[in-house]
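# Examining the three-dimensional arrangement
Residues per chain are reported as follows:
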Amino acid sequence: MVDFETPVLKQYPIIPLIQPGVMAHIKPYVAKPEIQEKIGFPGELVENWQEVAIKKMGELVSKSRALQVFLDSCVKCGACTDKCHYFLGTADPKNMPVARQDLFRDVYRRYFTFAGKYFPKLVGAKEMDKEMLDDWYSYFHQCSQCRRCTVYCPFGIDTAEISMAAREILDSIGVGQKYCNEIIGKAQTIGNNLGLPEPALLDTLEGLEEDIEEETGVVVRLPLDQKNADILLVTPSADFFAEPHVDGLIGYAKVFHAAGLSWTLSSHASEAANFGMFIGSYENMQKLTMRIRDAALELGVKRIVFGECGHAWRVAYNFLNTLAGPFDFLDPNYPMPQHICEVTYDLIQRNLLTLDKSANDDKVITFHDSCNIARGSRMGDMVGGQFIIPRAIIKACCNHFYDMADDTIKEATFCCGGGGGLLTDDLLELRVKGALPRMEALKQVVDDYGVTHMVAICAICKSQFSKILPYYGFEMDQVITLHQLVGNALVLDEGTSNSN
Ligand code: SF4
Ligand code: SF4
């Protein structure tokens, strides 16, 4: 057990009194040289690191007009200060979004503005020195890039973009984060974050088919590398084995089966997650997206559907077409990409699924909006579809649903505490403390409505909650996947098996 105190759940959220430096000791493990070099970065801190860091900062600022505007336009109004879950959970003032941004902004001012170059003290400009480097490594790894602060900033300043740029600069001088960079390397060479090779994947899928048949008496297939299937499903690799994720994968398979849709997974593109985004590296993000394009071409599919994963959907929704497109070889009658929730919602709307809500009567459900879906992407052909669609699916599959407090859901949702490449045990203290606002909102609906389970549609949220729920007195299995509810409620018919 790591030595720290779990915050006490309060009835109403309280803005903490600041405790300067209280989280300065929190840093993820630094990536070893072989991990760094594998994905194109220097193995260790380069000798002239200040010079390289400033040069990289100049490149990023000149390439991204948005980044420059974010750095130039903060008026220190303070509206964002109490909006970050990591500040609310830790009380460290450097976890206030504006203070986190200022770690970058102060250096930017020193080297890239007239006033900062000639009158640094007057404008609070600072050198990129060792002390600053340490602060960067700590506090840019205490931002889950969730963008909650951005919603409340009158200028829409996006701290996530600043945090990604900072991590890219850190990588460029040879100080990368072990967890993210190791995973990116595995996904690029083996096809998934876990390094799960094709035979092991095949074994896992066959085992799941047996489990479904045992449970339902119906043969439901989970095909791998099935040429000429209509749909390529790209899902986070956690869906292949982790709990509760795997119940979601079973749910998707049941949906495809019940609707008679032809589908396949790919051993080449067996990962929807794309940690390239967390380190701000478009080059690495693109390498991973190209595997999906290659698999779609090789298998001759007509559609690409993504499983439940928050940041993966953000990358797919925002970048897949530009990084790996054009996808003009797919069927233009379907959105590209499409989310599994959009597929299921459409089938429900068209009365193509038979659902027995009473199958979930042992549960009282609430829903956790995942940041990257809520604030980084959309679903469906309607404003707010990313909020409407998951809730409509839940309500079609169960009788008891209650939302958490308004200022903790939809655009205002709180991060689970483990997003943005922070889902690693070396950051456990941060993860537990950062989950405080979500746990307080959960406790409220547990007390008021007897909520028993929280549904999530993100692989990271599911893993994070499974780990930290017990710290707050809940059970680890109180987080479940949306398609588990769907799978439970679906009435399967032998005759609707897909053609694969
Ligand atoms: S993006 Fe999220 S984690 Fe980062 S500073 Fe803003 S609220 Fe905090
Ligand atoms: S809300 Fe926006 S403008 Fe105000 S302090 Fe925060 S980042 Fe700056």
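Residues numbered from 1 in each chain as written. Chains lettered and ligands numbered in written order. Predicted model: local features only at pLDDT ≥ 70, side-chain atom pairs only at ≥ 80, totals over all residues. Heavy atoms only, no water.

### Focus: the site of ligand 1
If you check the shell around ligand 1, you find Cys84, His85, Tyr86, Pro97, Arg100, Cys143, Ser144, Gln145, Cys146, Arg147, Cys149 and Thr159 and nothing else. Those elements giving two or more residues to the shell around ligand 1 turn out to be helix H4 (85-90) and helix H5 (97-112). (Near = heavy atom within 4 Å. Helix = DSSP H or I, 4+ residues; strand = E, 2+ residues; numbered from the N terminus.)

### Focus: the site of ligand 2
For ligand 2, the set of nearby residues contains 13 residues, the closest of which are Cys74, Cys77, Gly78, Cys80 and Cys153. Considering only residue class, the shell around ligand 2 consists of 10 nonpolar, 2 polar and 1 charged. (Nonpolar A, V, L, I, M, F, W, Y, C, P; charged D, E, K, R; others polar.)

### Some thoughts on helix H15 (residues 310-324)
Between its first and last C-alpha, H15 extends 19 Å over 15 residues, near the 21 Å set by a 1.5 Å rise per residue. The largest bend in H15 amounts to roughly 50 degrees and is located at Asn318. Those residues of H15 lying buried are Gly310, His311, Ala312, Trp313, Arg314, Val315, Ala316, Phe319, Leu320, Leu323 and Ala324. (Expected span 1.5 Å × (residues − 1). Bend = angle between axes of the 7 residues up to and from the residue. Buried < 20%, exposed > 50% of the residue type's maximum accessible area, 1.4 Å probe, protein only.)

### Description of helix H13 (residues 245-259)
Taking 1.5 Å per residue as the helical rise, H13 with its 15 residues ought to reach 21 Å, and the 22 Å between its terminal C-alpha atoms agrees with that figure. Across the 15 residues of H13, 13 count as buried, placing the element largely inside the fold. Following H13 by one or two positions, Gly260 adopts a phi angle in the positive range, close to 70 degrees.

### Overview of the sheet that holds strand E3 (residues 303-306)
On the basis of which strands lie adjacent, the open sheet formed by 4 strands has the order E2-E1-E3-E4 and parallel pairing. The open sheet has two free edges, formed respectively by strand E2 (263-264) and strand E4 (338-339), since each of these has just one partner strand. By the bridge criterion, 2 bridges tie E3 to E4 in an arrangement that is parallel. Each bridged residue has a counterpart across the sheet, and for Phe306 the counterpart in E4 is His339. Each of strand E1 (231-234) and E2 touches H13; the most contacted strand, E1, lies at about 170 degrees to it. (Pairing = 2+ DSSP bridges. Contact = heavy atoms within 4.5 Å. Axes fitted to C-alpha atoms, helices over the stretch in contact; angles between N-to-C directions.)

### Regarding the sheet that holds strand E6 (residues 453-456)
Taken in spatial order, the 3 strands make up an open sheet running E5-E6-E7, and their pairing is parallel. Whereas interior strands pair on both sides, the edge strands pair on one side only; in this sheet they are strand E5 (365-367) and strand E7 (479-481). The mean inter-strand angle of the sheet, taken between neighbouring strand axes irrespective of direction, is 40 degrees. Here 3 bridges tie E6 to E7, and the two strands are oriented parallel to one another. By the bridge assignment, Val455 is partnered in E7 with Ile480.

### Points about the environment of Thr424
Among the secondary structure elements, Thr424 is positioned in the loop between helix H18 (385-397) and helix H19 (428-434). Classification of Thr424 as buried rests on a relative accessible area of 8%. Placed 246 residues apart in sequence, Thr424 and Lys178 show a C-alpha to C-alpha distance of 9.5 Å. With near-sequence residues (within four places) excluded, Thr424 lies in contact with Gln177, Tyr179 and Arg431.

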